[in-house]
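Each chain, written out:
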There are 2 protein chains.
Amino acid sequence: MSCLLPQGFRAAGLYCGIKRDTTKLDLSLVVSDRDAVAAGVYTQNLVFAAPVQLDRSRTPCGRIRAVVTNSGNANACTGERGLRDAETMARAAAEAVGATGDQALVMSTGIIGEFLPLEKITRGIQTAAAQLGDGESALIDAARGMLTTDTRHKLAGRTVSIAGQPIQITGMCKGAAMIGPRMGTMLGLILTDAQLTPAAAQQTLSAVVEDTFNCISIDGHMSTNDTVLLVANGARGPLLEGAQRQTFQAALHEVAAELAKAIPADGEGASHLVTIDVSGCLDRAAAHQIAKTVAESALVKCAIAGADPNWGRIVSAAGYAQVPFDPHKVDLFLNGHSLYQQGTPVPFDAGAVSKSIQSQRDTHIDLRFGEGSARVRFWSTDLTAEYVRLNADYHT
Amino acid sequence: MSCLLPQGFRAAGLYCGIKRDTTKLDLSLVVSDRDAVAAGVYTQNLVFAAPVQLDRSRTPCGRIRAVVTNSGNANACTGERGLRDAETMARAAAEAVGATGDQALVMSTGIIGEFLPLEKITRGIQTAAAQLGDGESALIDAARGMLTTDTRHKLAGRTVSIAGQPIQITGMCKGAAMIGPRMGTMLGLILTDAQLTPAAAQQTLSAVVEDTFNCISIDGHMSTNDTVLLVANGARGPLLEGAQRQTFQAALHEVAAELAKAIPADGEGASHLVTIDVSGCLDRAAAHQIAKTVAESALVKCAIAGADPNWGRIVSAAGYAQVPFDPHKVDLFLNGHSLYQQGTPVPFDAGAVSKSIQSQRDTHIDLRFGEGSARVRFWSTDLTAEYVRLNADYHT
């Protein structure tokens, strides 16, 4: 993993006073030294936050200079005033780095339904602009500035050689709950010095998100603020087309998959990262729907938390996914143990399977259908009493 | 509430050895002294249990004499052998009361993927047939025989006068988890001495279930075994048609609603019964979909468990229900307090709202849209650490 800022980017992260805990960071600023191409993929929640509305209207485009992110307040469900606040915040970031007002994008995450503390944020942006750096600690500070209940910052990077030049792709993300079917309260920002047209950046990002950030779920709750941005400033290499764009997309996929998986791996209160492989389906949408339904079953999640090989919960969750299949052609493997074959229980050593769940953080559910050849890989968490405790207590 | 067995029915419940806990009951037998009309509504899970397959093939019909139910084993995901076992169980019940083999219906609930202990069950059926009674304790024993993790038995009854005769409707049900969108692991059995044709019984039951048992959710997990049966033996009153059938249906609705609501009220580990009213929608399906999505959000459930008026979770859950609406025309009331109006936060006393959640078992979410006039009422639970503990531990 090479986690450096790509050529021509600088970053900063700091505490500006949104969160109560003054030891945490709550503001992050990333700047490109030249106009950059930016693409975005956003929540499909009808109730979307003001920063989502703003960024959606500004991407894809070819002239972004800054991305500013705050944590601790989502600026969601805040009506017209929320949209004006997001614009003010973006303008402050753009102007602080010498760009014009509409050359910045903005992301917010945190509590829903409260107005942004704009004075603290604009003051914070000015301080961050004065602290911008291109080293590792600046990058880590920027990654920390977007965290909420995450227990660690999430960075991933790849260097890929294209036309003899080292192209860097580096991403950061946050998210630990409200992680739902089509992205959760997750923010992702992927930076690259590659050269892409706005249309190519959008197309590449959309394709990659579909198999990465759209294949995770912690609690099935789709957030108002989900955003993944790709900012490509073209500081290195030729304009990517054809095979070169494929090489870039493969590396981008690796970065995005690593970031996406880091979210359930840090899921609130989770004691297991659950990888769900669904195969043998008629099409990808069917496989995705089944994987998501299994991933989000509270009973499946509780069974894994308790190291309980109660596989009937897995099969019955698949059965209510509203995807047609023949139950007599279903096979199920749990951590490599065959539990169910062609719709009939297989005698198995429950103690051994239970021990295999209990003794490691990774759990593998492998569900095979006899309908076709489509498959999907999905990542989720178990459900623990600690998750409930954390979320019964978040607001007040 | 008048919870008596309708005219011409007898019942028994006992422990036959399926459950480990010998102080619980695990078998229930209800018998009609004459051929009765029976209708059923079943799970929509593709992976449905053997007893569901059997009852589906036998209802609606006009010649049922017995309904036998076991708890502790769901006879689900048990392949061809499971179906033969369900037939054997039904035949044993029919023959024990002097009927022919196909005049019985069967229900099972409990662990998925294990074969029924048939010897214990058939011996239990014979003992139960010898103990049949028509008093209150026989009815309560029958209601207890179908319970799994329920903390109490669930009975509801109404007496309604039709053509000068007292028609009795008495129902029992079970369920405390795996309660999903289109019925959960719930079994319901409603008995009446009214006279209905098989078609009318089916039509009336289906209509009533739609607004009662299909409007509850505890964890969104649709079970393999969900069944609601209506058994009408015609011991009293005329053949119900027209206005008389309407009167009957209204009383049946009251019984079914009381039973349905009793399930989340006894939800595993739940500390709140949550009533969700969704109104102002374009059609009933839209209102139902939104209510169900809010009901099943783990974050909404945790907030209620923690008496936390974190209303953004409610509004954002509505937003991902995949039902189109204008977010600027949404109002939200929580326990009568206005929190969100026309898409904008309303200043409110968070302490007072929190106290109103904490101080009572009932929580009321009232979500109003500006799209139309359709509405639905839905019942759910909160999500507590105790639910997780119970379900991490159920199997092993």
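In this report, we go over the structure that sits alongside the text. Only a predicted model underlies this, so the values are computations on that prediction, with no experimental measurement involved.

The subject of this paragraph is the overall build of chain A. Counting its secondary structure elements, chain A contains 11 helices and 15 strands. Computed over C-alpha atoms, the radius of gyration of chain A comes to 22 Å, within 12% of the 21 Å expected from 2.2 N^0.38 for 396 residues, which places it in the range of a compact globule. Overall, the C-alpha framework of chain A stretches about 70 × 55 × 35 Å when taken along its three principal axes. Expressed as a percentage of the 396 residues in chain A, the buried residues total 64%. Taking the contacts inside chain A whose residues are at least 6 apart along the sequence as the reference set, 80% of them involve residues at least 24 apart. Total accessible area on chain A stands at roughly 13300 Å², and carbon and sulfur atoms take up 48% of it. Between the centroid of the 34 positive side chains of chain A and the centroid of its 39 negative side chains there is a distance of 2 Å.

Turning our eyes to something else, we now look at the relation of the copies chain A and chain B. Expressed as a screw transformation, the operator carrying chain A onto chain B has a rotation angle of 180° and an axial translation of 0.0 Å, and the superposed copies differ by an RMSD of 0.1 Å. The relationship between the two copies is best expressed as a two-fold rotation axis. Taking C-alpha positions as reference, the residue of chain A nearest the rotation axis is A:Ala385, located at 2.1 Å. Both copies share a contact surface, since 98% of the interface residues of chain A are interface residues in chain B too.

Helix packing for two helices is described by the angle between their axes and how far apart those axes are. All names here are of chain B. Two elements in contact, helix α8 (residues 298-305) and helix α9 (residues 312-319), have axes separated by 9 Å at closest approach and are oriented at 160°. Classed by the angle they form, the pair α8 and α9 counts as roughly antiparallel. The crossing of α8 and α9 is left-handed. Residues Leu299, Val300, Cys302 and Ala303 of α8 form the contact with α9, whose participating residues are Arg313, Ile314 and Ala317. Looking at the contact of α8 with α9 residue by residue, the classes come out as 6 nonpolar, no polar and 1 charged.

Sheet strands pair by backbone hydrogen bonding; their relative direction is either parallel or antiparallel. Residues and elements named next belong to chain B. With mixed pairing, the 6 strands of this open sheet are ordered in space as β12-β11-β10-β13-β9-β14. Pairing within the sheet leaves two strands with one partner each, and these edge strands are β12 (344-345) and β14 (374-381). Note that strand β9 (residues 273-281) and β14 share 7 bridges and pair antiparallel. Across the sheet, the residue bridging to Thr275 is Trp379, located in β14. Against the sheet, helix α7 (residues 284-296) engages β9, β13 (362-368) and β14, with an angle of about 20° to β14.

Cut-offs applied
- Residues numbered from 1 in each chain as written.
- Chains lettered and ligands numbered in written order.
- Predicted model: local features only at pLDDT ≥ 70, side-chain atom pairs only at ≥ 80, totals over all residues.
- Heavy atoms only, no water.
- Helix = DSSP H or I, 4+ residues; strand = E, 2+ residues; numbered from the N terminus.
- Rg over C-alpha atoms; globule rule 2.2 N^0.38 Å.
- Buried < 20%, exposed > 50% of the residue type's maximum accessible area, 1.4 Å probe, protein only.
- Contact = heavy atoms within 4.5 Å.
- Areas by Shrake-Rupley, 256 points an atom, 1.4 Å probe, with all protein chains shown as cover.
- Lys, Arg positive; Asp, Glu negative; His and termini not counted.
- Charge placed at Lys NZ, Arg CZ, Asp CG, Glu CD.
- Least-squares fit on C-alpha atoms with pLDDT ≥ 70 in both.
- Axes fitted to C-alpha atoms, helices over the stretch in contact; angles between N-to-C directions.
- Parallel < 35°, antiparallel > 145°, perpendicular 65-115°, else oblique.
- Left-handed = near helix turned anticlockwise from the far one by under 90°.
- Nonpolar A, V, L, I, M, F, W, Y, C, P; charged D, E, K, R; others polar.
- Pairing = 2+ DSSP bridges.

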